[in-house]
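Chain by chain, the residues run as shown.
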Amino acid sequence: MRWRRILIALVALAAVAGAVGAVVVHRMTTGKLDHGTVFAQESGELAVKTGELFSVEVSAHRVTGQIWTVADPAPDPAAVLTVGDEYVKNFGLGDLVGATGSAGSGGRYYFVFRAGPHPGHATITLHNPHRATHPDGTDRDERQFTVDVR
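Below is a short write-up of the structure. (Residues numbered from 1 in each chain as written. Predicted model: local features only at pLDDT ≥ 70, side-chain atom pairs only at ≥ 80, totals over all residues. Heavy atoms only, no water.)

## Some details on unusual backbone geometry
In this model, Asp-72 is joined to Pro-73 through a cis peptide bond whose omega is 0 degrees. With respect to the element layout, Pro-73 can be found in the loop between β4 (69-70) and β5 (80-89). (Helix = DSSP H or I, 4+ residues; strand = E, 2+ residues; numbered from the N terminus.)

So this is what it looks like as structure tokens:
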């Protein structure tokens, strides 16, 4: 009878651990760069103030080939200066218990920029060069942002 209770308790504990393992928490503060104002939208217009530090956030899973970069041509340096970029992984159960060998829980790229000292416009294009293009010739993994420096 005692072994049966222990077995039931272990099965219940495994079920809870599995459910918790499915939960992923985004690490908001572990990056090394200051991200400034973070824009997490897919594409579109970004309005920033002169001199403002800002970043574009892109969700990704590097293990599956989602490796994002700033595409050429680079943004107009008179309107937007590139500060840097970094990948911040998500916090998963493996981080709590030190598990290894997992594909991980993905993360986010942050492309950090500083708006120029004068009002203007710039275009930022991010893309994932390791993804196939769509049959119509367009790159499915390309995101374009128009920055309006006010």
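Back to the write-up after that little detour.
## Topic: the side chain of His-35
Mapped onto the elements, His-35 comes out in the loop between α1 (2-21) and β1 (37-39). Leave out the neighbours within four places in its chain, and His-35 touches Leu-53, Phe-54, Ser-55, Glu-86, Val-88, Tyr-110 and Val-112. (Contact = heavy atoms within 4.5 Å.)

## Regarding the nonpolar core
Of all hydrophobic cores here, the largest spans 21 residues; its most connected members are Phe-54, Val-80, Ile-124, Leu-126 and Val-147. The residues touching Val-80, leaving out its near neighbours within four places in the chain, are Phe-54, Pro-75, Phe-113, Arg-114, Gly-116, Ala-122, Ile-124, Val-147 and Val-149. (Core = buried A, V, L, I, M, F, W, Y, C linked by side-chain atoms within 4.5 Å. Buried < 20%, exposed > 50% of the residue type's maximum accessible area, 1.4 Å probe, protein only.)

## Let's talk about the pattern of salt bridges
Enumeration over the complete set of coordinates arrives at four salt bridges. A salt bridge links Arg-150 to Glu-45; the nearest nitrogen and oxygen atoms lie 3.7 Å apart. Taken together, the residues span a long stretch of sequence, with Arg-150 in the segment after β8 (142-149) and Glu-45 in strand β2 (residues 44-48) at a distance of 105 residues. A salt bridge links Asp-148 to Arg-150, with the nearest nitrogen and oxygen atoms 2.8 Å apart. A relative accessible area of 12% places Asp-148 in the buried class. (Salt bridge = Lys/Arg side-chain N within 4 Å of Asp/Glu carboxyl O.)

## Remarks on the pairing of β8
Sheet faces and side chains relate simply in a regular strand, where the side chains alternate between the two faces. Taken together, the five bridges between β2 and β8 define a ladder with parallel strand orientation. Looking across to β8, one finds that Glu-45 is bridged to Thr-146. Sheet topology note: the strand β7 (residues 120-127)/β8 ladder contains eight bridges and is antiparallel. Bridge pairing links His-121 to Asp-148 in β8. (Pairing = 2+ DSSP bridges.)

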